[in-house]
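Next come the chains, spelled out residue by residue.
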Amino acid sequence: MTATTLDQKTALVVVDLQKGIVDLPTAHPAADIVANSATLADAFRAKGLPVVLVRVTGGAPGRTEGAPRSGQPAADWADIVPELGPRDGDIVVTKQQWGAFYGTDLDLQLRRRGVTQVVLTGIATSIGVESTARAANEHGYNVTVVTDAVTDMDGGAHDNSIEKTFPRLGETDTTEAIVKLLG
């Protein structure tokens, strides 16, 4: 679905665009995702709207069939990429699991600012972005996912999120369209 409008109190939520994740092999060039997210962040800041930079520093406990991580990540693994900031006034949320709401103060930060809609970008589409979109929807926020500002390590998983999941949670559109809606 094409994005129809942006609420007066909309926040940009950028998921996991941090040094250790943007260096992973992705279905679409991570540099493009970072550039589009930075364009949106600049546009939101110019309008005085909140920019939330989410980073992950751990993982939820529990058994999975996925291969365990090996070794220690680089010291700057969780640093937000410099193209995005953080800048003065940005909200930084550190999470320990896929989604940006559970176990963080994201909902509190948004509600204190009167936010009713979130625009999402980041990596990985089917993991951090989708988990955050689902929780945002469950928390009652209008959700918009920027399709050219998200990617995944798995192209098929990315496509499934874009084509099947996100239209059921909210609206989707491009960086250019969202910037136009900001006015």
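Residues numbered from 1 in each chain as written. Predicted model: local features only at pLDDT ≥ 70, side-chain atom pairs only at ≥ 80, totals over all residues. Heavy atoms only, no water.

Details of the sheet that holds strand E4 (residues 117–123)
Sheet strands pair via backbone hydrogen bonds, and the direction of the pair is either parallel or antiparallel. Put simply, the rule reads: The pairing criterion is simple: DSSP has to find at least two bridges between the two strands. Each helix corresponds to a stretch of at least 4 residues labelled H or I by DSSP, and each strand to a stretch of at least 2 residues labelled E; elements are numbered beginning at the N terminus. Helix axes are fitted only over the stretch in contact, all axes being lines through C-alpha atoms; the angle between N-to-C directions runs from 0 to 180 degrees. Contact between two residues is taken to exist if any of their heavy atoms lie within 4.5 Å; hydrogens are not considered.
If you trace the six strands from one edge of the open sheet to the other, you get E3-E2-E1-E4-E5-E6, paired in parallel fashion. Either end of the sheet is taken by a strand with one partner, and the two such strands are strand E3 (91–95) and strand E6 (171–173). For this sheet the average axis-to-axis angle between neighbouring strands, irrespective of direction, equals 25 degrees. In this sheet, E3 lies alongside strand E2 (residues 51–56) in parallel orientation, the contact comprising five bridges. By the bridge assignment for E3, Val56 is matched with Lys95. Against the sheet, helix H2 (residues 30–46) touches strand E1 (10–15), E2, E4 and strand E5 (142–151), its axis set at about 140 degrees to E5. Strands E4, E5 and E6 of the sheet are contacted by helix H6 (residues 175–182), whose axis makes an angle of about 140 degrees with E5.

Re the nonpolar core
Convention followed: To define a nonpolar core, start from buried Ala, Val, Leu, Ile, Met, Phe, Trp, Tyr and Cys residues and group those joined through side-chain atoms within 4.5 Å. Between buried and exposed lies partly exposed: a residue is buried under 20% and exposed over 50% of the maximum accessible area for its type, with that area taken using a 1.4 Å probe on protein chains only.
In this structure, Leu12, Leu17, Phe44, Leu84, Ile123 and Ile178 are the most contacted members of the largest nonpolar core, which totals 29 residues. Those elements giving two or more residues to this core turn out to be E1, helix H1 (19–22), H2, E2, E4, E5 and H6. By residue number, the principal contributor to this core is H2, which donates eight residues. Not counting chain neighbours up to four residues away, the residues in contact with Phe44 comprise Thr10, Ala11, Leu12, Leu49, Pro50, Val51, Val119, Ile178 and Leu182.

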